Amino acid sequence: MKEDKMNDMQATPSLAGRVAIITGGGQGIGRVFAKGFAAAGAKVGIVELNEEKGQSVATEVDQQSGPGTAISIQADVADPAAVEAAVAAVANKFGRLDIAINNAAIFSTLKMRGFEEIPFDEWSAVMRVNVDGVMLVSKACVPLMRAQKHGRIINISSGVVTMGRPFYLHYVTSKAAVVGMTRAMAREVGTDGITVNAILPGATFTEVERETVSAEQKSQILNMQCIKRHETPEDLLASALYLASDGGGFVTGQSIAIDGGTTFR
Ligand SMILES: NC(=O)c1ccc[n+]([C@@H]2O[C@H](COP(=O)([O-])OP(=O)(O)OC[C@H]3O[C@@H](n4cnc5c(N)ncnc54)[C@H](O)[C@@H]3O)[C@@H](O)[C@H]2O)c1
């Protein structure tokens, strides 16, 4: 590449003119993504079960990046009609749809326990949100992306898939399904300029305290990492921005572990 062209490239890719849906953007990783994508120039549609939290993050994004940058739509990603309506509302508001970040999941509220102890209702709810939700949001977004011959789907899986982490079998199973879905969907939509990738975060510490993570577990987590500090949502942001950018257009079907070197694939 010529030097002048390289000088034009920015460390943070610009998403100016792009529109991103971020599911579960009302707290944690999704909240940081909403702010980070807006800072990179994208308009942001938060699709969130918790109306108050979604709205609060949309307000935060507007205060940071200017009025009219974000909207929040209350929806359950496991409800097909609600997802169709939410995706249409974001596309109508901002005039297009380029990026879908499937981040919503039943996660921080889960209790760790042996798989025989998991109530079947809880198992089913995790599958509906963490697996069906990813498929339903993608299914609603792909026709709009196909029409534009451009799209980026980024699924938030988890490093627990590679580790085979015990005591939340429903969660690990759901996140493994997301990796398979990512690969197979990438093959179906690539001809339309749509990429589908998964990010596999390690144990990521957000503003939400998780009772199930004890002090002993925190130190075990650090022991497993090559980089000896706790992961934050900001550690995931640069990779998500890259995958969403024009420069990420030749990367698809991949599962990218961002976990301070806990797992190697
Ligand atoms: N934090 C971690 O250590 C970690 C590690 C690996 C992967 N992940 C994954 O990253 C993503 C975000 O993690 P987090 O720590 O921010 O989680 P979190 O539990 O703090 O936040 C999840 C968000 O999703 C929303 N949500 C839940 N069910 C929904 C539904 N049916 N419809 C719409 N929104 C719904 C919640 O209201 C919440 O705002 C999840 O997919 C999680 O599985 C997290």
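Definitions and cut-offs
- Residues numbered from 1 in each chain as written.
- Predicted model: local features only at pLDDT ≥ 70, side-chain atom pairs only at ≥ 80, totals over all residues.
- Heavy atoms only, no water.
- UniProt positions renumbered as here; feature names shortened; annotations may be inferred.
- Axes fitted to C-alpha atoms, helices over the stretch in contact; angles between N-to-C directions.
- Helix = DSSP H or I, 4+ residues; strand = E, 2+ residues; numbered from the N terminus.
- Parallel < 35°, antiparallel > 145°, perpendicular 65-115°, else oblique.
- Left-handed = near helix turned anticlockwise from the far one by under 90°.
- Contact = heavy atoms within 4.5 Å.
- Nonpolar A, V, L, I, M, F, W, Y, C, P; charged D, E, K, R; others polar.
- 1 Å grid on protein atoms, 1.4 Å probe; cavity = no way out; pocket = protein on both sides within 12 Å on 5 of 7 lines; lining within 4 Å.
- Points joined across faces, edges and corners; volume = space filled by probe spheres on them.
- Polar contact = N/O pair within 3.5 Å; in protein donor to acceptor, adjacent residues only side chain to side chain.
- Buried < 20%, exposed > 50% of the residue type's maximum accessible area, 1.4 Å probe, protein only.
- Pairing = 2+ DSSP bridges.
- Right-handed = clockwise from strand over helix to strand, strands pointing away.
- Near = heavy atom within 4 Å.
- Areas by Shrake-Rupley, 256 points an atom, 1.4 Å probe, with all protein chains shown as cover.
- Sits in = over half its atoms within 2 Å of the grid points.

As annotated in an unreviewed UniProt entry, the protein is 3-oxoacyl-[acyl-carrier protein] reductase from Novosphingobium marinum. In the Sequence similarities (unreviewed entry) part of its UniProt record, the protein is described as follows: "Belongs to the short-chain dehydrogenases/reductases (SDR) family."

A.B. asks: Is there a simple way to explain the packing of helix α5 (residues 120-148) against helix α7 (residues 169-189) in this structure?
C.D. replies: When two helices pack together, their arrangement is given by the angle between the helix axes and by the axis-to-axis distance. Remark: α5 packs on α7, axes separated minimally by 9 Å, with the N-to-C direction vectors making an angle of 20 degrees. Relative to α7, the element α5 is oriented roughly parallel. Crossing handedness for the pair α5 and α7: right-handed. On α7, the residues touching Glu-122, Trp-123, Val-126, Met-127, Asn-130, Val-131, Val-134, Met-135, Ser-138, Val-142 and Arg-146 of α5 are Leu-169, His-170, Tyr-171, Thr-173, Ser-174, Lys-175, Ala-177, Val-178, Met-181, Met-185, Glu-188 and Val-189. Residues belonging to the contact of α5 with α7 are distributed by class as follows: 14 nonpolar, five polar and four charged.

A.B. asks: So what exactly am I meant to see when it comes to the layout of surface pockets here?
C.D. replies: If a probe as big as a water molecule is rolled over the atoms, it shows which places are left empty. Size it by volume and the largest pocket reaches roughly 970 Å³. Every residue lining the largest pocket is counted, 45 residues in all, and those nearest its centre are Asn-103, Ala-105, Ile-106, Phe-107 and Ser-108. Elements supplying a minimum of two residues to the lining of the largest pocket: α2 (28-39), β2 (43-48), α6 (160-163), α7 and α8 (215-224). If one sorts the elements of the lining of the largest pocket by residue count, α2 sits on top with three residues. Across the lining of the largest pocket, the residue classes break down as 20 nonpolar, 17 polar and eight charged.

A.B. asks: Hey, could you run me through the side chain of Asn-102 in this one?
C.D. replies: One can find Asn-102 in strand β4 (residues 99-102). Here the side chain of Asn-102 touches Asn-155 through a polar contact of 2.8 Å, side chain to side chain. If we skip the residues at most four places from it in the chain, Asn-102 touches Thr-23, Gly-133, Val-134, Val-137, Ser-138, Ile-153, Ile-154, Asn-155 and Ile-156.

A.B. asks: Is there a simple way to think about the pairing of strand β3 (residues 70-74) in this case?
C.D. replies: The two faces of the sheet receive side chains in turn, since in a regular strand these alternate between them. The buried fraction of β3 is high, at four of five residues. Where β2 meets β3, five bridges bridge the pair, whose relative direction is parallel. If you follow Glu-48 over to β3, its bridge partner there is Gln-74. With helix α3 (residues 51-65) bridging β2 and the parallel β3, this β-α-β connection has right-handed handedness.

A.B. asks: Hey, could you run me through empty space enclosed by the protein in this one?
C.D. replies: For the coordinates displayed, the defined rule picks out one cavity of 30 Å³ or more. Volume-wise, the largest cavity comes out at about 100 Å³. If you trace the largest cavity, you find it lined by Phe-107, Ser-108, Leu-110, Met-112, Arg-165, Tyr-168, Arg-210, Thr-212, Val-213 and Gln-217. A breakdown of the residues in the lining of the largest cavity according to their chemical character gives five nonpolar, three polar and two charged.

A.B. asks: How should the site of the ligand be read in this particular structure?
C.D. replies: Around the ligand lies a shell of 26 residues, among which Gln-27, Glu-48, Ser-108, Tyr-171 and Thr-204 are the nearest. Within the side chain of Glu-48, an N or O atom sits 2.4 Å from an oxygen atom of the ligand. Between the ligand and Tyr-171 there is a distance of 2.5 Å, counted from an oxygen atom to a side-chain nitrogen or oxygen. Here the ligand has 820 Å² of accessible area as a free molecule, and 94% of this is covered by the chains. For the ligand, the cavity whose grid points lie within 2 Å of the majority of its atoms is the largest pocket. Counting only elements with at least two residues in the shell around the ligand, the list comes to α2 and α7.

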